[in-house]
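Observations on the model geometry
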Amino acid sequence: MSLVIRDLSVRRGDLAVIDRLDLEIAPGEFVALTGPSGCGKSTLLNAIAGLVPLAGGAIEAERGSLGCVFQRPMLLPWRTVLDNAAFGLECRGASVDDARSRARTFLEKVGLGRFTGYFPNELSEGMKQRLTVARAFLVEPRLVLMDEPFSSLDETARRELQDLVLDLWAKSKCTVLFVSHYLEELVYLADRVIVLGPRPTTVVKTVPVQLRRPRGIGNEGMLGLMESVQRCR
Ligand SMILES: Nc1ncnc2c1ncn2[C@@H]1O[C@H](COP(=O)(O)OP(=O)(O)OP(=O)(O)O)[C@@H](O)[C@H]1O
Ligand SMILES: [Mg+2]
C-alpha cells in the first residue's frame, strides 16, 4: 500500500475535525476526495503532509518525495518560472545548475518552455497552476496531494490542466489524492471517488470508477457515476 490511514482523528483547537477515518490507497492509484465544505478535506491532506498533529490513529505513507498543489498557486514572486520550478529540486539537495537544467526540460514538456524567464505576476492564473503542477511532479514524487487545484480556473484552463495531470500521473506512476467539489472532475480523473461526511468527518462512501481511459466528458458511464457520488454527498 502506498498510503494507509488507520483510525485517524484530528482536532483543531476544541473542534473535532476528523473522526476515526480509515483509508487505504494502492501505489499508483488516483483517488479523488469530496465532501461538504468545512468537513475536513484540507485538514486530512495537511495531516498526510505532516503539517497538523494527529489526535489519534496513524498514517503510513510509502517513503519518497511528496508533491503538493493547493487551490492558490503559492509561487515565489521574486523567482522566475524556471527558478520556481527548480525550487523543489534545490530543496532536495540538487545543485542550482542541475535543478535548472531538469526544470527547463520539464517546463518544455508541459508547455511553459517559452516562459522560463517570466515572473509569476506576468503569468495567467492557468499558467501559474500549470507551473505549480510541473513543480510538484518534477521532484518525481511517490505521492501527490492536490487540494482543489483548478477550482478558480475557467472551464478551458481546467480541462487542459486535468489532462496534464492525467498525463504526468500516467508517466510517473505515482499515487494521487485529489480534492474537488466538481462531480465531473472527480469522475473524469479518478480510479475511485471517496465521499466524506460532515464534520467530524469520516468516509461515508467509496465509488469505484471503472471506466476506460481516456474518458470522454459527458459519456453515459460518467453521468451515472456522477449521480451516485451526488446521492451520497
Ligand atoms: N488552522 C486552523 N485552525 C483552527 N481550525 C481550523 C484550521 N484549519 C481548519 N480548521 C477547521 O477545521 C474544519 C475543517 O476545515 P477544512 O479546511 O479541512 O475543510 P474543507 O473540507 O477543506 O472545506 P472546503 O471544502 O471549504 O475547503 C473547519 O471547521 C475549520 O474551521
Ligand atoms: Mg479545503
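Bear in mind that the values here come from a model prediction, so they are computed numbers and not experimental data. (Residues numbered from 1 in each chain as written. Chains lettered and ligands numbered in written order. Predicted model: local features only at pLDDT ≥ 70, side-chain atom pairs only at ≥ 80, totals over all residues. Heavy atoms only, no water.)

**Here's the deal with unusual backbone geometry**
For the bond from R199 to P200, the omega torsion is -5°, close enough to zero to count as cis. Here P200 lies in the loop between β8 (192-196) and β9 (203-208). Of note, the bond from R213 into P214 is cis; its omega dihedral lies within 30 degrees of zero at -5°. Assignment of secondary structure puts P214 in the loop between β9 and α7 (220-231). One non-glycine residue, M74, lies in the positive phi region at around 50°. Residue placement: M74 occurs in the loop between β5 (66-69) and α2 (81-91). A positive phi is found at K173, a non-glycine position, where the angle reads about 60°. Relative to the elements of secondary structure, K173 occurs in the loop between α5 (155-172) and β7 (175-179). Residue class for K173 comes out exposed when judged on its relative accessible area of 59%. (Helix = DSSP H or I, 4+ residues; strand = E, 2+ residues; numbered from the N terminus. Buried < 20%, exposed > 50% of the residue type's maximum accessible area, 1.4 Å probe, protein only.)

**Some points on the packing of aromatic side chains**
What the rule picks out here adds up to 4 aromatic pairs. Ring centres of F30 and W169 lie 5.3 Å apart, and the angle between their planes is 85°; this geometry places the pair in the edge-to-face category. Pair noted here: F30 is in strand β3 (residues 30-34) and W169 is in helix α5, with a separation of 139 residues, a long-range link. Relative accessible area serves as the criterion here: at 0%, F30 is assigned to the buried category. Taking relative accessible area as the criterion, W169 reaches 10% and is therefore assigned buried. Taken together, F30, F150, W169 and F178 form an aromatic cluster joined through their ring pairs. For R158, the ring lying beneath its charged end belongs to Y182, and the centroid distance is 4.0 Å. (Phe/Tyr/Trp six-rings, centres within 6.5 Å; stacked < 30°, edge-to-face > 60°. Lys NZ or Arg CZ within 6 Å of the ring centre and 35° of its normal.)

**Quick notes on the side chain of E29**
Note that E29 resides in the loop between β2 (15-25) and β3. Reaching out from E29, the side chain makes a polar contact with the backbone nitrogen of A26 at a distance of 3.0 Å. In this structure E29 touches E24, W169, C174, T175, V176, D191 and R192, once residues within four positions along its chain are discounted. (Polar contact = N/O pair within 3.5 Å; in protein donor to acceptor, adjacent residues only side chain to side chain. Contact = heavy atoms within 4.5 Å.)

**A closer look at the site of ligand 1**
Close contacts around ligand 1 come from 14 residues, with S37, G38, K41, S42 and T43 the closest. A distance of 3.4 Å is found between an oxygen atom of ligand 1 and a side-chain nitrogen or oxygen belonging to E148. The protein chains hide 62% of the 630 Å² of surface that ligand 1 would expose on its own. Those elements that place two or more of their residues in the shell around ligand 1 are β2 and α1 (41-48). Taken together, the residues of the shell around ligand 1 sort by class into 4 nonpolar, 6 polar and 4 charged. (Near = heavy atom within 4 Å. Areas by Shrake-Rupley, 256 points an atom, 1.4 Å probe, with all protein chains shown as cover. Nonpolar A, V, L, I, M, F, W, Y, C, P; charged D, E, K, R; others polar.)

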